Amino acid sequence: MRILIALLAIFFLTSCNTAGPHFRGLPATTVTVEGSTFDVRVNGELAEALRTNIEYAPRFGPMRARAGEAMAVVSGCKVKEVRGDAALATGILDCGKGGPPADRLKPQGEYDCLTIDSYISPATNELVLDLDCELI
């Protein structure tokens, strides 16, 4: 019985930050919008924002707007619609003709950012910045 409980715990802990079926294997870009942190993945004209931080009783109304803004920043496209819940949202993108730009991190205006945290990733040995940005 203890082995079963341990296996279930491992299963649930490993699935906490797993991309949805249309986004598996795609790189995630971490974005923080108004205190909510998302791992955003883009696949064609769809984007997925997986909230990775802990928040007390989040409601989807405010989370929808934050997830949409995170998707827009990462994709460089306008977000037509956001569906999902407070933990995982899927957005429909309007990128004009040709889909999302190849260099998806094009700014959509001018941002004012604060560095919340920085560290060297043990996996890639690269500097990782946790930024909190606001559109000016």
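For the structure, see preceding data.
Residues numbered from 1 in each chain as written. Predicted model: local features only at pLDDT ≥ 70, side-chain atom pairs only at ≥ 80, totals over all residues. Heavy atoms only, no water.

Novice: Explanation requested: the overall build of the protein in the structure shown.
Specialist: Along the backbone of the protein there are two helices and seven strands. Looking at the protein residue by residue over its 136 residues, the buried ones come to 29%. Taking the intrachain contacts of the protein between residues at least 6 apart in sequence as the baseline, contacts between residues at least 24 apart amount to 45%. (Helix = DSSP H or I, 4+ residues; strand = E, 2+ residues; numbered from the N terminus. Buried < 20%, exposed > 50% of the residue type's maximum accessible area, 1.4 Å probe, protein only. Contact = heavy atoms within 4.5 Å.)

Novice: How should I be thinking about the state of the cysteines in this particular structure?
Specialist: In protein structure, a disulfide is the covalent linkage between the sulfur atoms of two cysteines. One pass over the structure, following the stated rule, counts one disulfide. Through a disulfide, Cys77 is tied to Cys95; the S-S separation comes to 2.0 Å. On the S-S bond that ties Cys77 to Cys95, the torsion sits near 105°, and the link is right-handed. With Cys77 in the loop between helix 2 (60–75) and strand 4 (78–84) and Cys95 in the loop between strand 5 (88–94) and strand 6 (111–120), this residue pair connects regions lying 18 residues apart in the sequence. Across this residue pair, the class does not change: Cys77 and Cys95 are buried. (Disulfide = S-S within 2.5 Å.)

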